Amino acid sequence: MVIWAPVSANKITEAVLTHLWSANYEQKLANEYNAANLGLYGAKTSEAAKAKIQAYTDFLTARAAVKTQIDEDCEELGIK
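Residues numbered from 1 in each chain as written. Predicted model: local features only at pLDDT ≥ 70, side-chain atom pairs only at ≥ 80, totals over all residues. Heavy atoms only, no water.

### Observations concerning a nonpolar patch on the surface
Here is step 1: Nonpolar side chains collect at one region of the surface, where Leu38, Leu40 and Tyr41 lie side by side and expose about 340 Å² of accessible area between them.
Here is step 2: Here Leu38 lies in the loop between helix H2 (23-37) and helix H3 (47-77).
Here is step 3: Given a relative accessible area of 68%, Leu38 falls into the exposed group. (Patch = residues over 30% accessible without salt bridge, like charges linked within 9 Å, V, L, I, M, F, W, Y side chains within 5 Å. Areas by Shrake-Rupley, 256 points an atom, 1.4 Å probe, with all protein chains shown as cover. Salt bridge = Lys/Arg side-chain N within 4 Å of Asp/Glu carboxyl O. Helix = DSSP H or I, 4+ residues; strand = E, 2+ residues; numbered from the N terminus. Buried < 20%, exposed > 50% of the residue type's maximum accessible area, 1.4 Å probe, protein only.)

### Focus: the pattern of salt bridges
Here is step 1: Applying the stated rule across the entire model yields 4 salt bridges.
Here is step 2: With a shortest N-O distance of 3.1 Å, Lys28 and Glu32 are connected by a salt bridge. With Lys28 and Glu32 both in helix H2, this residue pair falls 4 residues apart, about one helical turn.
Here is step 3: Using a relative accessible area of 44% as the deciding quantity, one classes Lys28 as partly exposed.
Here is step 4: Taking the shortest distance from any N to any O, the salt bridge between Glu32 and Lys52 comes out at 3.8 Å. Linking Glu32 in helix H2 with Lys52 in helix H3, this pair joins segments that are 20 residues apart in sequence.

### Observations regarding the packing of H2 against H3
Here is step 1: Where H2 contacts H3, the axes come no closer than 8 Å and their chain directions differ by 140°. Overall, the two elements H2 and H3 adopt an arrangement that is oblique. Handedness of the crossing formed by H2 with H3: left-handed. Note on element contacts: H3 touches H2 through Ala49, Lys52, Ile53, Ala55, Tyr56, Phe59 and Arg63, opposite Tyr25, Glu26, Leu29, Ala30, Glu32, Tyr33, Ala36 and Asn37.
Here is step 2: Residues that form the contact of H2 with H3 fall into these classes: 10 nonpolar, 1 polar and 4 charged. (Axes fitted to C-alpha atoms, helices over the stretch in contact; angles between N-to-C directions. Parallel < 35°, antiparallel > 145°, perpendicular 65-115°, else oblique. Left-handed = near helix turned anticlockwise from the far one by under 90°. Contact = heavy atoms within 4.5 Å. Nonpolar A, V, L, I, M, F, W, Y, C, P; charged D, E, K, R; others polar.)

### Description of the environment of Trp21
Here is step 1: With respect to the helices and strands, Trp21 occurs in the loop between helix H1 (9-20) and H2.
Here is step 2: Trp21 sits 42 residues away from Arg63 along the chain, and the two C-alpha atoms are 9.0 Å apart.
Here is step 3: Those residues in contact with Trp21, other than ones at most four positions away along the chain, are Phe59, Ala62, Arg63 and Val66.

Purely spatial values, then, with no claim about function.
In structure tokens:
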């Protein structure tokens, strides 16, 4: 992964998140989450719907943890 100067916390975050998860992957999870909430996998309480909802929730949780770590690292290193 390459980050061009000037280096900033936003550029690092974008590069890391793109390296870990493609935009297509995130969009797929979001679409499946929305479909589950709209009842396209049966009731929201069905196993299929709960799995789609959980997959997106897990993704958002993991992404938030990565962003928090990057923010902490950048603050420690004086990168703004």
